[in-house]
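Architecture and fold: a report
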Amino acid sequence: TNLIEGHIEAGQSVVVVEDLISTGGSSLKAVNALREAKCDVKGMVAIFSYQLPIATENFKKEKCKLITLADYDTMIGRAAENKYIRESDMASLSEWRKDPKKWAEKFI
């Protein structure tokens, strides 16, 4: 698949638009491809982020600003307010975000 879609030119200012950020891996590949094409990447906007620590680390390492419209903390907070989940589930859901793999191992 193409990492860059559409017409770009060297020196062009670019904001990358993404639907979902988990680790940031695939999104940052697109950022790096744009930088290699000599574009000035101003940052990335995304609809949703799971706010995984690895994503924060990856975006910081790549010096790429990330702005999201919604995020995991807001989602679970609103879900609790609207009684879609119990307050008692909040700790487990927060634990998942810190380390999804380790959290899932408890259920295997």
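Please refer to the structure higher up on the page.
Quick summary incoming for the structure in this document.

Reading the values: the criteria
- Residues numbered from 1 in each chain as written.
- Predicted model: local features only at pLDDT ≥ 70, side-chain atom pairs only at ≥ 80, totals over all residues.
- Heavy atoms only, no water.
- Salt bridge = Lys/Arg side-chain N within 4 Å of Asp/Glu carboxyl O.
- Helix = DSSP H or I, 4+ residues; strand = E, 2+ residues; numbered from the N terminus.
- Buried < 20%, exposed > 50% of the residue type's maximum accessible area, 1.4 Å probe, protein only.
- Arc of directions from axis to C-beta.
- Contact = heavy atoms within 4.5 Å.

A word on the pattern of salt bridges
Overall, the coordinates contain 5 salt bridges when judged by the stated rule. The partner of arginine 97 in a salt bridge is aspartate 73, with the nearest N and O atoms 2.6 Å apart. On the criterion of sequence distance, the pair formed by arginine 97 in helix 4 (residues 90-98) and aspartate 73 in helix 3 (residues 72-81) is long-range, its members being 24 residues apart. Judged by relative accessible area, which is 19%, arginine 97 ranks as buried.

Regarding helix 2 (residues 53-61)
The set of residues buried in helix 2 consists of Ala55, Asn58 and Phe59. The buried residues of helix 2 occupy an angular sector of 95° when the element is viewed end-on, so they sit on one face. Residues of helix 2 that are exposed and angled more than 90 degrees away from the buried face: Thr56, Glu57, Lys60 and Lys61. Against the buried residues of helix 2 lie strand 1 (13-21), helix 1 (25-36), strand 2 (40-49) and strand 3 (66-71). Among the residues trailing helix 2, lysine 63 stands out with phi positive, at a value near 50°.

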